[in-house]
Amino acid sequence: MSVVAGDATLAGEGRPEPAAPAAKRPHHWGRIALPAYSWLVIAYLVFPIVVMFIYSFNKSVGGVPQVSFSWNGFTTLWYRTWNDAPGLTSAFWLSIRLALIATAISTVLGTLLAMALVRYRPRQFHGKGVIEQILFVNIAAPEIVMGASLLGLFVTFNIGRGFLTLVLAHVMFCIAYVAVTVRARLTGFDRALEEAAYDLGAGPFTTFRRVTLPMIMPGVLAGALMAFALSIDDFVTSNFVSGTASPFPVLIYASTRVGIPPQVFVFGSVIFAVGIALALSSLAIGRKRT
Amino acid sequence: MPAVVWLVLLFVVPLVIMLSLSLKTCNPASGACTMTWNWGELPRQVNLYRTEFFTSLEYGAAATIVDLVLSFPIAYWIAFYGGRKKNFFLMMLLVPFFVSFVIRTLVWEFILSPSGFFLTFLRHAHLVNANFHVLGTGSAVIAGLAYNYLPFTALPLYVALERIDRRVLEAAYDLYASRRQAFMRVILPLSIPGIFAAFLLTFIPAFGDYVNQQILGGTSSTMIGTVIQNTFLVTGDYAAGSALSVVVLVISLVGIWLYSRVLGSRSIEEYL
């Protein structure tokens, strides 16, 4: 959910930019204590990631390929044998596949829903209020309730749990986030542009592809990014509906009972590095454009 | 609209089924449930797991308050003094999300473990005494929850503070308000919807969480999420699990309902 909040400000539209430093120059504590405190909080947020990185180089005890709490010496063995932990790599690819499929479906469905919600007034669109309530409760409901109720559904109708039920569940919890994200970007949309396209002889499909879609693209991309992030990291719902197919977080959680393979921290470190690199480069590109 | 069909079939219908399951009687061995209109199951389960409900409320609230206190100053700093580096600092708030939730929680187990290098170092430096331990206590669970859900608090607070019209603040200064008065009587009141949104968006997931409790809390102080998970996935008593889930849902809905009553149902979405 937080991706959106961050993203809304990346665009910075619609809000009065403080041209002059209206908030007065920072007071003495604003110059020293507040930044110092903020950096401490950032250090607290980064600290576990550093610990994860250090532990990914920790030797194991007695040749058993399991992470150990105590420090036994430096090794790059787990990076060299990253593929050797049973089931870990395949669980990772399963999560990627699942996230891509769930993102594709939920982005299309969520975008269409957002457009319908913005364009039609309650009188034209029966049940608009109810749909908005459903979206709201869907986002706010605790995940354990969603996971448990889905399990109840699949058991009641005797649906075997596996990749398909994972896709069904992931699309379900991504749609509302996509719809809300896209809707936030749609509110300032000028419909006169579409009418102009119609006047110039474009059909509904051409108008959508050449006029509407390019204009709402930033919102759609933000929604898709959010859906991907939600899906790839989902544990609670997945744990209820995964059955025989184990996504990455479910497999790691299961391994906490039998011994965690050290490659888990290798995967964590590499995924973190790649993700941060992508985010920083997109920030840099965004800055260059403005 | 296909999206609505999807949501109804996989969100609304399951909730209805969950309600009806809580009135059924299930045979854990075969997994078969028959409708017995067993209205007694709900109060019976609540009574049985009263401690776990209270533990969850307590840990969820404690973690949320820790998060509010930790993140208000940083959200304030980024919103008012972030300048051109705003996006960079917001990304720093999101840094934990670049590591999988389960791995993040696992790392806290390593940090808090008595044999881990962090506590070993603190012991050698005599910063903590020899029999200091956190892992397996409620404090470890609260620490884990607070860490995992901090961005859920910080970002709504940031959105609320960023949205405050600077001209209102300027007007306060023009009318000879001191910094303290401007903060107490302009900034703080205007950020109240954001504070409530942050509270709900952090408390609801923290209240229903069971990963932190399972990994960091050991066998002590079980939370309700753990009980629900076990009744569904271990003992297979769907009626009992559904009854407990209904209660968790109702508690969350009461919070959401109160919020939308006071501040409008769409306003919380602005903080997502």
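Residues numbered from 1 in each chain as written. Chains lettered and ligands numbered in written order. Predicted model: local features only at pLDDT ≥ 70, side-chain atom pairs only at ≥ 80, totals over all residues.

## Considerations on the overall build of chain A
Along the backbone of chain A there are 13 helices and zero strands. Order of helices (α) and strands (β) in chain A, N terminus to C terminus: α-α-α-α-α-α-α-α-α-α-α-α-α. Burial analysis of chain A (290 residues in total) assigns 41% to the buried set. By sequence separation, contacts in chain A at least 24 residues apart represent 79% of the contacts at least 6 residues apart. (Helix = DSSP H or I, 4+ residues; strand = E, 2+ residues; numbered from the N terminus. Buried ≥ 20, exposed ≤ 12 C-beta atoms within 10 Å, placed from the backbone. Contact = placed C-beta atoms within 7 Å.)

## Section: the environment of asparagine 27 of chain B
All names here are of chain B. With respect to the helices and strands, the residue asparagine 27 is situated in the loop between β1 (24-26) and β2 (33-35). Judged by the 13 C-beta atoms lying within 10 Å of it, asparagine 27 falls in the partly exposed class. Here the alpha-carbon distance between asparagine 27 and glycine 236, two residues 209 residues apart in the chain, equals 8.4 Å.

## Regarding the nonpolar core
With 159 residues, the main nonpolar core has Ile175 and Ala179 of chain A together with Ala75 and Tyr158 of chain B as its most contacted residues. Tallying contributions element by element places helix α7 (residues 138-163) of chain B first for this core, with 17 residues. (Core = buried A, V, L, I, M, F, W, Y, C linked by C-beta atoms within 7 Å.)

## A closer look at the packing of helix α3 (residues 33-55) of chain A against helix α5 (residues 101-112) of chain B
Packing of α3 of chain A against α5 of chain B leaves a shortest axis separation of 9 Å and a crossing angle of 80°. It follows that α3 of chain A is roughly perpendicular to α5 of chain B by the angle criterion. Across from Pro48, Val51, Met52 and Tyr55 of chain A in α3 of chain A, the residues of α5 of chain B making contact are Ile103, Arg104, Val107, Trp108, Phe110 and Ile111 of chain B. Here the residues of the contact of α3 of chain A with α5 of chain B sort into nine nonpolar, no polar and one charged. (Axes fitted to C-alpha atoms, helices over the stretch in contact; angles between N-to-C directions. Parallel < 35°, antiparallel > 145°, perpendicular 65-115°, else oblique. Nonpolar A, V, L, I, M, F, W, Y, C, P; charged D, E, K, R; others polar.)

## A look at the interface of chain A and chain B
Contacts between the two partners involve 81 residues from chain A, matched on the other side by 91 residues from chain B. When contributions to the side of chain A that touches chain B are tallied by element, the ones reaching two or more residues are α1 (2-11), α3, α5 (88-119), α6 (128-140), α7 (143-156), α8 (163-186), α12 (248-258) and α13 (263-289) of chain A. Sort the elements by how many residues they give to the side of chain A that touches chain B and α3 of chain A lands first, with 13 residues. Along the lines of polarity and charge, the residues of the side of chain A that touches chain B split into 62 nonpolar, 15 polar and four charged.

## Concerning the confidence of the model for chain A
All names here are of chain A. Confidence in the prediction for chain A averages 85 pLDDT; 89% of positions are at 70 or higher. By mean pLDDT, α1 is the weakest element of chain A at 40, and helix α11 (residues 236-241) is the strongest at 94. Throughout residues 1-22 the model reports pLDDT below 50, and contacts reaching past four residues in sequence, or to other chains, amount to 41 contacts. (pLDDT = per-residue confidence, 0-100.)

## Some remarks on the packing of helix α3 (residues 50-81) of chain B against α7 of chain B
Residues and elements named next belong to chain B. Taken N-terminus to C-terminus, the directions of α3 and α7 make an angle of 40°; their axes are 6 Å apart at the nearest point. In this view, α3 runs oblique relative to α7, as classed from their interaxial angle. For the element pair α3 and α7, the recorded crossing hand is right-handed. Split into classes, the residues belonging to the contact of α3 with α7 amount to 22 nonpolar, three polar and two charged. (Left-handed = near helix turned anticlockwise from the far one by under 90°.)

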